[in-house]
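Each chain is listed here by its residues.
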Amino acid sequence: MGKKLEDYVVTIPDFPEPGIMFRDITSVIQNPEGLKLAVDGLTDMVRDLDFDLVIGPESRGFIFGVPVAYNLGKGFIPVRKKGKLPRETISQKYDLEYGQAEVEMHKDAIQPGQKVVIIDDLIATGGSAGAAAALVEQLGGEVVRIVCVMELAGLEGRKNLESYDIKSLIVYPGK
């Protein structure tokens, strides 16, 4: 019997501070089998949906979103940190544990009525996924699903994303 995706995640206790169990996604993507399990699993979560584009927040959303878009013959739209995109953009601020961040998308990235899936590595508090969804909706698009490799259920990100269909490959109960 083969390994499960969870077997490729390295957990580092007490990082970045005591009491935190850090789930390292780099141990998944550095291993060919782990990367394949993650990309195949994400692809399977959206394969039967009616959608036009894949959206991926910087930077790990790029890692997982592009191969899924490629597998399914869809376009990929990056959501970047403020100031990184060269054309006219729209932006969305969101809360971090200590402060705020702001992300952007090209203003012409989505046409009204287009359906999208958002793909990222992690849902923690739901801030970055919520900001990406808000950008899609500002442009008249529809978020049909948010999918991620890992979810930290103890941080209750689903509460901040309760109006969306969310799927995760791995759900950890803690923070």
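Our structure's up above, just so we're on the same page.
Given the structure is predicted, the values throughout are model-derived calculations rather than measurements.

Rules used throughout
- Residues take numbers from 1 onward in each chain, read along the sequence in its written order.
- Whole-chain, interface and lining totals are the exception, using all residues; otherwise, since this is a predicted model, local features are given only for residues with pLDDT of at least 70 and side-chain atom pairs are given and counted only at 80 or more.
- Side-chain descriptors were evaluated using all non-hydrogen atoms of the structure, hydrogens and water having been removed beforehand.
- The cut-offs for exposure are 20% and 50% of the maximum accessible area for each residue type, with area from a 1.4 Å probe on protein chains only; residues under the lower value are buried, those over the upper are exposed, and the others partly exposed.
- Every helix listed is a DSSP run of H or I at least four residues long, and every strand listed is a run of E at least two residues long, numbered separately from the N terminus.
- Here, a strand pair is defined by DSSP locating no fewer than two bridges between the strands.
- Any two of the Phe, Tyr and Trp rings considered here, Trp counted by its six-membered ring, make a pair once their centres fall within 6.5 Å; the pair's planes then place it as stacked at under 30 degrees, edge-to-face at over 60, or tilted in between.
- Cation placement over rings: the criterion is NZ of Lys or CZ of Arg within 6 Å of the ring centroid and within 35° of the ring normal.
- Between the N-to-C directions of two axes lies an angle of 0 to 180 degrees, each axis being a line fitted to C-alpha atoms and, for a helix, fitted only over the stretch in contact.
- Each angle is binned into one of four classes, with values under 35 degrees roughly parallel, values over 145 roughly antiparallel, values of 65 to 115 roughly perpendicular, and all other values oblique.
- A clockwise turn of the near helix away from the far one marks a right-handed crossing, whereas an anticlockwise turn of less than a right angle marks a left-handed crossing.
- The contact definition used throughout considers only heavy atoms, calling two residues in contact when any of these lie within 4.5 Å.
- Under the scheme applied, nonpolar residues are Ala, Val, Leu, Ile, Met, Phe, Trp, Tyr, Cys and Pro; charged residues are Asp, Glu, Lys and Arg; polar residues are all the others, including Gly.

Engineer: When you look at the pairing of strand S6 (residues 99-106) in this model, what are you seeing that I'm missing?
Structural biologist: Residues in a regular strand project their side chains so that they alternate between the two faces of the sheet. In terms of burial, S6 is largely enclosed, as six of its eight residues are buried. Of the pairings in the sheet, the one linking strand S4 (residues 75-81) to S6 comprises two bridges and is antiparallel in character. In the strand pairing of S6, Arg-80 is matched with Glu-104. Of the pairings in the sheet, the one linking strand S5 (residues 89-96) to S6 comprises eight bridges and is antiparallel in character. Looking at the pairing, Leu-96 lines up with Gly-99 of S6.

Engineer: I'm lost on the packing of aromatic side chains in this one. Help?
Structural biologist: The way to describe two aromatic rings as a pair is by their centre distance and the angle between their planes. Tallied over the entire structure, the rule returns two aromatic pairs. With 5.3 Å between their ring centres and 85° between their planes, Phe-15 and Phe-22 make a pair best called edge-to-face. In this structure, Arg-23 packs its charged tip against the face of Tyr-172, placed 3.9 Å from the ring centre.

Engineer: Please clarify how the packing of helix H2 (residues 32-46) against helix H3 (residues 60-72) should be interpreted in this entry.
Structural biologist: When two helices pack together, their arrangement is given by the angle between their axes and by how far apart the axes lie. Axis separation between H2 and H3 bottoms out at 9 Å; the angle between their running directions is 60°. By the angle class used here, H2 and H3 are oblique. Once H2 is placed against H3, the crossing between them reads as right-handed. Across from Leu-35, Ala-38, Val-39, Leu-42, Thr-43 and Val-46 in H2, the residues of H3 making contact are Phe-64, Pro-67, Val-68, Asn-71 and Leu-72. Class assignment for the residues of the contact of H2 with H3 results in nine nonpolar, two polar and no charged.

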